[in-house]
Amino acid sequence: MALGTIAVSERDMAKRGWIGLILILMLVVSCTLLKAPAGTSIHLMLGNPSNAIPSTGAPDNYLMEKPQYALSYNSQKGRANWVSWQLNRDWLGAVPRRNDFRPDFTLPEDWYRVTPVDYINTGFDRGHLTPSADRTATPLDNSSTFLMTNIMPQTPDNNQGPWEELESYCRELVKQRKELYIIAGGYGKKKLIAGDRVEVPARTWKIVVVLDRPGQGVDAITDATRVIAIDIPNNQGIRERNWRSFRVSVDQLETATGYDFLSKVPEGVQQVLESRVDQAG
Ligand code: MN
Ligand code: MN
């Protein structure tokens, strides 16, 4: 009798042990699934600098992956924290600028969707993060750049001056067969517009990683890889200034934004690339 009782209770305990183990495994798996940034987009090849996630539980750091670019949306600021995109010759074609600025209805439905009209009479341009001219292979690609989640308020002199000059320079590099990984955003608060629904950044920044040819992947990034980083005040009066005069190190932008850029690049290489300020012509 005594032996039998012990045997049963051992079986029970073993059963409970297994159930417990299975529950823990299920918890670990579901946490991993929830935590893992979808992150499969080619536009995130160098990383997801704010660990954005595609969850309504992250309204200030909401990951959106589109075929044409990836971004972290900040619903408090009514704009992206950052937008990241690949640029090579495959993205460039002859499609004309479509100019169809519109709300992004792929945002969660109970979040405010910024409209093109929100920028009217504010004194700020509807500034592209991924430029229209970087997405000219198909009408759909070009149209995607006019979603308001890809737009931030920029002063006309910032947007149409040095910001635009660097955008054009990037496409020059692509014509030399380079492949670029670009990430851009704004930081600091200049003011609020659109009934306080959109925060105008005090400064706009961009990082461009230049690879020698398309398709090389992150392993091709070495100490010798060119990285261009800029930090431009979102002010008037800078239209004639050369974008090169706004160059900074990636380290400076990491300090300013709190993000970890190039996180998929090995740490040693990251340290070298991020501390250097681009000097090339
Ligand atoms: Mn622009
Ligand atoms: Mn980094």
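Just above sits the structure.
My aim in this report is to walk through the structure given alongside it, one point at a time. All figures in this text were calculated on a predicted structure; none of them were measured in a lab.

Counted under the stated rule, the structure contains nine salt bridges. Where D100 meets R102, a salt bridge forms, and the shortest distance between an N and an O atom there is 3.4 Å. Since its relative accessible area comes to 22%, D100 is described here as partly exposed. Overall, the relative accessible area of 27% leaves R102 in the partly exposed class. Note that R203 and D231 form a salt bridge whose closest N and O atoms lie 2.6 Å from each other. Here D231 lies in strand 8 (residues 226–233) and R203 lies in strand 7 (residues 198–211), a separation of 28 residues in the sequence. The exposure class of R203 is partly exposed, given its relative accessible area of 29%.

A word on the pairing of strand 7. The buried count for strand 7 comes to 12 of 14 residues, which makes it a mostly enclosed element. Pairing analysis gives 13 bridges linking strand 6 (residues 179–193) to strand 7, with the strands arranged antiparallel. Bridge pairing links Y187 to R203 in strand 7. Turn length for the strand 6-strand 7 hairpin, with the two strands adjacent in sequence and antiparallel, is four residues, and the turn residue A194 shows positive phi of about 60°. For strand 7 and strand 8, the ladder comprises eight bridges, and the chain directions are antiparallel. Bridging from a neighbouring strand, V210 pairs with R226 of strand 8.

Working reference: metal with six octahedral donors, ideal angles 90 or 180 degrees; metal with four tetrahedral donors, ideal angle 109.5 degrees. Every protein donor of the manganese ion (ligand 2) is listed here as E254 (OE), D260 (OD), F261 (O), Q270 (OE1) and E274 (OE), and their distances to the metal cover 2.2 to 2.3 Å. Written as a sequence motif, the donor residues of the manganese ion (ligand 2) are E-x5-D-F-x8-Q-x3-E. Pair noted here: Q270 and E274 are both in helix 5 (residues 267–275), with a separation of four residues, about one helical turn. Overall, the relative accessible area of 3% leaves Q270 in the buried class. Judged by its relative accessible area of 5%, E274 falls in the buried class.

For the rest of this paragraph, the subject is the side chain of S84. Looking at where S84 falls in the secondary structure, it is placed in strand 3 (residues 79–87). There is a polar contact of 2.8 Å between the side chain of S84 and the backbone oxygen of H43. When near neighbours in sequence (up to four residues on either side) are disregarded, S84 contacts H43, L44, Y69, A70, I182 and I183.

With that settled, consider the packing of helix 4 (residues 250–257) against helix 5. Viewed as axis vectors pointing N to C, helix 4 and helix 5 meet at an angle of 95°, and their least axial separation amounts to 6 Å. In terms of axis orientation, helix 4 runs roughly perpendicular to helix 5. Contacts from V250, D251 and E254 in helix 4 reach Q270, E274 and S275 in helix 5. In the contact of helix 4 with helix 5, the residues fall into one nonpolar, two polar and three charged.

Here we come to the sheet that holds strand 1 (residues 62–65). Here six strands make up an open sheet; going across it, the order is 1-2-3-6-7-8 and the pairing antiparallel. Every interior strand has two partners, whereas the edge strands, strand 1 and strand 8, have only one. Neighbour-to-neighbour, the strand axes of this sheet turn through a mean angle of 15°, independent of strand direction. Bridge count for strand 2 (residues 70–74) against strand 3 is five bridges, and the pairing is antiparallel. The partner of N74 across the bridge, within strand 3, is R79. Strands in contact with helix 3 (residues 156–175) are strand 3, strand 6, strand 7 and strand 8; relative to strand 8, the strand with the most contacts, it is inclined by about 170°.

Bringing unusual backbone geometry into the picture now. Although it is not a glycine, N99 sits at a positive phi angle of roughly 60°. Turning to its location among the elements, N99 is positioned in the loop between strand 3 and strand 4 (125–128). Taking the relative accessible area as the measure of exposure, N99 reaches 44% and is therefore partly exposed. Even without being glycine, R177 reaches a positive phi, approximately 75°. Relative to the helices and strands, R177 resides in the loop between helix 3 and strand 6.

With 20 residues, helix 3 extends 27 Å from end C-alpha to end C-alpha; this agrees with the ideal 28 Å at 1.5 Å per step. The largest bend in helix 3 comes to about 45°, at E164. Counted residue by residue, helix 3 has 14 buried out of 20 residues, so it is predominantly covered. In the stretch just after helix 3, R177 is the one whose phi turns positive, near 75°.

Rules used in this analysis
Each chain has its residues counted from 1, running along the sequence as written. The order in which chains are written sets their letters, starting at A; the order in which ligands are written sets their numbers, starting at 1. The predicted nature of this model means local features are confined to residues of pLDDT at least 70 and side-chain atom pairs, given and counted, to a pLDDT of 80 or more, with totals for whole chains, interfaces and linings taken over all residues. Computation of side-chain values covers all heavy atoms of the structure but excludes hydrogens and water. A pairing counts as a salt bridge when a side-chain nitrogen of Lys or Arg comes within 4 Å of a carboxyl oxygen of Asp or Glu. Only protein chains enter the accessibility calculation, which uses a 1.4 Å probe; a residue is then buried when its area is under 20% of its type maximum, exposed when over 50%, and partly exposed in between. Helix and strand definitions follow DSSP, with helices as H or I runs of at least four residues and strands as E runs of at least two, each counted in order from the N terminus. The criterion for strand pairing is that DSSP finds at least two bridges linking the strands in question. For Na, K and Ca the donor cutoff is 3.2 Å, while for all other metals N, O and S atoms count as donors only within 2.8 Å; water does not appear among the atoms, so some sites may look incomplete. By the criterion applied in these results, polar contacts are pairs of N or O atoms within 3.5 Å in which, for protein atoms, one can donate a hydrogen and the other can accept it, and in which residues neighboring in sequence qualify only through two side-chain atoms. We call two residues contacting when some pair of their heavy atoms lies within 4.5 Å. To get an axis, a line is fitted to the C-alpha atoms, and for a helix only the part in contact is used. The angle between two axes follows their N-to-C directions and goes from 0 to 180 degrees. Small angles under 35 degrees read as roughly parallel and large ones over 145 as roughly antiparallel, with 65 to 115 read as roughly perpendicular and the rest as oblique. Note on residue classes: Ala, Val, Leu, Ile, Met, Phe, Trp, Tyr, Cys and Pro are nonpolar, Asp, Glu, Lys and Arg are charged, and everything else, Gly too, is polar. Helices are assigned an expected span. That span is 1.5 Å times one less than the residue count. A residue's bend is the angle separating two fitted axes: one through the seven residues that end there, the other through the seven that start there.

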